[in-house]
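# Structural description and commentary
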Amino acid sequence: MTIVTGATVDVADPVLRRQLAADLRQLLPAHCVLDRLEQLKPFECDALTAIREIPLLVVLPENRQQVQAVVQYAHKNAVALIARGAGTGLSGGATPRADAVLLVLSKLNSILEIDADSRVAVVEPGVRNLAISEAVAGLGLFYAPDPSSQVASSIGGNVAENSGGVHCVKYGLTTHNIRQIRYFDHTGGLVTLGGAGLDAPGYDLMALMTGSEGMLGVVVEITVNLLPLPESIVLLQAAFPAMDQAGLGVMKIIAAGIIPAGLEMMDQTAIEVVENYIHMDLPLDAEAILLIELDGTEAEVESQLASVTAEIEKHGAYDLRLARSEQDRIKLWSGRKSAFPALGQVTTDFYIMDATVPRRHLPYALRQIVELSGQYRLRVANVFHAGDGNLHPLVLYDASDPDQVARTEQLADEILTVCLSLGGTLSGEHGIGREKLDKSCDQFSTVELEQFERIKRVFDPEGRLNPGKAIPTPQRCAEIGGMHVHQGKVPFPELERF
Amino acid sequence: MADYPNQDATNTLIEQIATASGQGERLVITGHGSKQFYGQAPAGTPLETAGHCGIIDYEPGDLVLRARAGTPLTQIEAVLAEQGQCLGFEPPRFAVQGAARGTLGGAVAAGLSGPRRPWVGSTRDFVLGVTMVNGLGHSLYFGGQLIKNVAGFDVPRLMAGSLGTLGLLLDVTIRVLPIRPAEVTLQLQLSGSEALQRMVEWQRRPLPLSGMVYRDDRLTIRLSGTPEGVAAAQEAIGGERLESADEWWASLRDQRPSFFNPENSLWRVSCAAAAVLPEIAGDWTIDWGGAQRWYQGDATAAELLDYAKKINGSLSRFRPGTTQTSSEPIVFLSEISDPVAAIHQRLKKAFDPDGLFDGSRLPVAGIDQTSTVLV
Ligand SMILES: Cc1cc2nc3c(=O)[nH]c(=O)nc-3n(C[C@H](O)[C@H](O)[C@H](O)COP(=O)(O)OP(=O)(O)OC[C@H]3O[C@@H](n4cnc5c(N)ncnc54)[C@H](O)[C@@H]3O)c2cc1C
């Protein structure tokens, strides 16, 4: 990734912008087409603020027909489209381009149908993740994938990133919790995948669509699975003197046959930063804290709690805290959840990373991160989903210091290399987007990238849906091969990736 | 693990693929051949995976197992059981000459899941990574060892259920699950409509369900969890406890004659759990808490298709009867829309441009010229 500093320059072709805006205002209400710089500026980036570009144009359709009209227009006029949900993506999946129309789906935010008996809800893509669970709570149901961004992020964006959350150790990711998708293909044709049942005939195209980062189609309707709300939930917090013990604790809980609803970890730096911020009397001598949430029926939860407690105590757990009532659980979670604001107090900028390593290698990976952090003289805090080996190293840096920016980029790159070498992947849940495009060359071989490219062309032969994201072309990677020699300078930044 | 055969036949398989490609041959990927009946009859030279077998990596604490495609399911299950773990998706092990067979590769390629599926997930949900060879002879690795992975398109899950039409699976990494410490099966005598109502109602409650089947006026429910959790749920549900329940569920999973008459065609309707029950005479087994409905009887394909359409579900002839002639088309009868069919054709080409791997099994218009399409 290259962190961009300073103001974004509008490099779009003004004639083209004017033309497109005029045409699109024939298709959508005038207020749905934004073309003035001050209107476009707020859309210059998603939550990966380090990469920015002023879009050619922004459109905010208000219904499915308008979305279709935009896609059809773009197809006829050979204009690239970038879908955007709530813009909370952390890998630059929705980063605009000066030569593409940004298609914002946030106004399509209706829950179309709730079927409590079949436990599904049919929703538009702009519906916020949490809004689904809120709408069905009265029926004793909930939608399980719960990214930390769930108050804001859209279900369309969740599908595009195959988002997970704290509870996906037990309940799985978006891909495990949806059963039908409707999308507009690159020509504007409506395609339905999946169905009312638990499977549908033919290839599992839903699998391809989920996590495809807006590169295969524009999703306009999603049928999500709903689950019964658990009868009982408890949250256990435990401190460990050493990271290795915490890592072993995680393994032992799982090996004991218990799949917690959530299994999160904070390392020593995170504990310290959080403690200074909210004063929960966290043990500062602990190398790690585990947060273990269990849910199910009353009887189920109590017996699991007993096993978990016995298991972790064998591995040095101390300062155990148990929260039963919702109020107490919220309080206990607040440490983990206030990590971001707490970091905001001790650093001007922080870079949120996302990578995975098999659980067994977690302690080793964390030790490597500590070592690299020393080497690059940058603090790194780790607050992450230990239950599914999903690391989120948070690199603390000062964006106004070019030297620190450069060190941050190199450190992040090395951390990813460590994760890959341990059998992990480049992204657990934030996606590749723009951010890790070049790094993906390390994870995939040329023939694998060629296979991806052929899949992409099945859905989008002209390469107009979210160009330059998520998957680099083999040619691009061949060029990057030389990059390491040239010390981080991308030889052909303008080179098309799709 | 030492007693089991452990052979890496990657090179042989890749050579066979190269040779076939050079000679313009068409390959039919075959494991144990236990699912020969499934899908439309294939045509071509068999490419046998059984010699490419063995568990490559198994880490109980990571709940992850990686094994070569030809590894027998029975072996994997035995190795997992030693660690108190299992294959959560309960792949069926159909009999070949009386013995339960099935390879990991075949299970993933067929994508079939057992009675636990609605509560635990399907085969594709458990697939984490694959090493495969596409029609160009390229060896490819996709996915990983973790449930979370958003790097590249999700090819591993696409491979589940693709019936060997997109490429050869060399090895598969799957998520495994702990065996729940307690399991109880209960049976209640109920009419069809009462049973469906109960199934719907109980699935809306947070009960530790792991199986729900209605046939012969009896609703059979399996609960899995901790002893305390199962005991509490048992009280809530009532009914009679079924002894030797493991065998009962295994024979349902493997479609043994105690459940389905091998002489007759077996039809399958996949639909929403709460969809209305059929008014078609014959032998119905309502599995998956209502979401999978098996039929044997005299109804015509058209009648069944009407019903499937009415409830927004899909219909397939899962298995032809032994008394039927093999010339009868065995297909996924439900409609695949034109754009989706077109994606199938192009996707097949994207993996296998020259049609090296026979596509007949998955009879979607155009993925294979030789297939009969009944849509
Ligand atoms: C504080 C914070 C915490 C977060 N925590 C988590 C977490 O715990 N787990 C997690 O997984 N992620 C997390 N994220 C990342 C982010 O919220 C998710 O990736 C989310 O799914 C993005 O949704 P969005 O609506 O904001 O999508 P956007 O950012 O608007 O878009 C994301 C991608 O989806 C595509 N897209 C959006 N809508 C559509 C559509 N309708 N059709 C086709 N493509 C579409 C875009 O082109 C883009 O590639 C977090 C982000 C923040 C800022």
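The structure displayed is predicted, hence computed values, not measured ones.

### Brief notes about the overall build of chain B
When its secondary structure is counted, chain B shows 11 helices and 19 strands. On C-alpha atoms alone, chain B measures out to a radius of gyration of 21 Å, which is about the 21 Å that the 2.2 N^0.38 rule sets for 375 residues. Projected onto its principal axes, the C-alpha positions of chain B cover 65 × 50 × 40 Å. Looking at chain B as a whole, 61% of its 375 residues qualify as buried. Sequence-distant contacts, at least 24 apart, represent 66% of the contacts inside chain B between residues at least 6 apart. Entry remark: accessible area of chain B is about 13900 Å², with carbon and sulfur atoms responsible for 47%. Chain B carries 32 positive and 40 negative side-chain charges, and their two centres are separated by 4 Å.

### Notes on the domain arrangement of chain B
All names here are of chain B. As far as domains go, chain B holds domain 1 (8–178) and domain 2 (182–253). Inter-centroid distance (C-alpha atoms) of domain 1 to domain 2 is 30 Å. The interface of domain 1 with domain 2 comprises 10 residues on the first partner and 11 residues on the second. Counting each side, the surface lost to burial between domain 1 and domain 2 is near 840 Å², with a carbon and sulfur contribution of 53%. In terms of surface lost to domain 2, no three residues of domain 1 exceed Pro115, Arg116 and Trp119, which account for 68% of the buried area on that side.

### Looking at helix H2 (residues 73–82) of chain B
Every buried residue of H2 of chain B is accounted for by Leu73, Gln75, Ile76, Glu77, Val79 and Leu80 of chain B. Once H2 of chain B ends, the next one or two residues include Gly84 of chain B, with phi positive near 70°.

### Brief notes about the pattern of salt bridges
Inspection of every chain in the model, using the stated rule, returns 47 salt bridges over all chains. Here Arg36 of chain A and Glu38 of chain A are joined by a salt bridge, their closest N and O atoms 2.9 Å apart. The class for Arg36 of chain A is partly exposed, based on a relative accessible area of 46%. Between Arg64 of chain A and Glu221 of chain A there is a salt bridge; the shortest N-O distance is 2.5 Å. Note that Arg64 of chain A is positioned in helix H3 (residues 64–76) and Glu221 of chain A in strand S10 (residues 218–225), a separation of 157 residues in sequence. We classify Arg64 of chain A as buried; its relative accessible area is 18%. Each of Arg359 and Arg360 of chain A together with Asp57 and Asp62 of chain B takes part in salt bridges that share partners, so that together they form one network.

### Considering the site of the ligand
Residue and element names in this part refer to chain A. The ligand sits among 34 residues. The nearest are Ala83, Gly85, Thr88, Ser149 and Ser154. Interatomic distance of 2.5 Å between a backbone N/O atom of Ala83 and an oxygen atom of the ligand. One of the backbone nitrogen or oxygen atoms of Ser148 is found 2.8 Å away from an oxygen atom of the ligand. With the chains in place, 93% of the 980 Å² that the ligand exposes on its own is no longer accessible. At the level of elements, strand S3 (80–84), helix H5 (155–161) and S10 are the ones that each hand at least two residues to the shell around the ligand. Here the element with the most residues in the shell around the ligand is H5; it accounts for 5 residues. Partitioning the shell around the ligand into residue classes produces 12 nonpolar, 18 polar and 4 charged.

Here is what the cut-offs are and how they apply
- Residues numbered from 1 in each chain as written.
- Chains lettered and ligands numbered in written order.
- Predicted model: local features only at pLDDT ≥ 70, side-chain atom pairs only at ≥ 80, totals over all residues.
- Heavy atoms only, no water.
- Helix = DSSP H or I, 4+ residues; strand = E, 2+ residues; numbered from the N terminus.
- Rg over C-alpha atoms; globule rule 2.2 N^0.38 Å.
- Buried < 20%, exposed > 50% of the residue type's maximum accessible area, 1.4 Å probe, protein only.
- Contact = heavy atoms within 4.5 Å.
- Areas by Shrake-Rupley, 256 points an atom, 1.4 Å probe, with all protein chains shown as cover.
- Lys, Arg positive; Asp, Glu negative; His and termini not counted.
- Charge placed at Lys NZ, Arg CZ, Asp CG, Glu CD.
- Domains from an automatic or database assignment.
- Buried area = accessible area lost by both parts, 1.4 Å probe.
- Salt bridge = Lys/Arg side-chain N within 4 Å of Asp/Glu carboxyl O.
- Near = heavy atom within 4 Å.
- Polar contact = N/O pair within 3.5 Å; in protein donor to acceptor, adjacent residues only side chain to side chain.
- Nonpolar A, V, L, I, M, F, W, Y, C, P; charged D, E, K, R; others polar.

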